[in-house]
Amino acid sequence: MPWNVCRSKTVDLVVSDVEMPRMDGFELTRQIKSKYRLPVILVTGMEKEEARRKGLEAGADAYVIKSTFQGEGLLEIVHQFV
């Protein structure tokens, strides 16, 4: 579903969870970055450094751990990219 939105709509930024059915956020990020020049923010509960590194290697512009931010903190990150 998120990939279809990128292909059919004009978007300025993608905020995605890592854990999703069918296509995880890492693969979604790789596909977006291979076709579009869009910033991608991954928001997840996956706190291990290995997962963070995997997200950044996939091309994520930011990797945000859910337990470490408030809603306004996410908005501040979004404002950095749009």
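Look up a bit, the structure's there.
Residues numbered from 1 in each chain as written. Predicted model: local features only at pLDDT ≥ 70, side-chain atom pairs only at ≥ 80, totals over all residues. Heavy atoms only, no water.

## Structural notes on the side chain of T44
- In this structure, T44 sits in strand β2 (residues 40-44).
- When its relative accessible area of 0% is taken as the criterion, T44 is described as buried.
- What T44 contacts, discounting residues up to four positions off in sequence, is D17, V18, E19, Y63, V64, I65 and K66. (Helix = DSSP H or I, 4+ residues; strand = E, 2+ residues; numbered from the N terminus. Buried < 20%, exposed > 50% of the residue type's maximum accessible area, 1.4 Å probe, protein only. Contact = heavy atoms within 4.5 Å.)

## What about the pairing of strand β1 (residues 14-17)?
- Going residue by residue along β1, you find V14 and S16 tucked away on one face and V15 and D17 left uncovered on the opposite face.
- Relative to β2, β1 is paired through four bridges, and the arrangement is parallel. Note that in β2 the partner of S16 across the bridge is L42. (Pairing = 2+ DSSP bridges.)

## Structural notes on the sheet that holds β1
- Spatially, β1-β2-β3 is the arrangement adopted by the three strands of the open sheet, whose pairing is parallel. Unpaired on one side and paired on the other, β1 and β3 (62-65) mark the two borders of the sheet. Strand-to-strand twist in this sheet, taken as the mean axis angle between neighbours without regard to direction, amounts to 20°.
- The pairing of β2 with β3 spans four bridges and is classified as parallel. Looking at β3, one finds that L42 is bridged to Y63.
- Its contacts with the sheet place helix α2 (residues 25-35) against β1, β2 and β3, and it is angled at close to 180° to β2. (Axes fitted to C-alpha atoms, helices over the stretch in contact; angles between N-to-C directions.)

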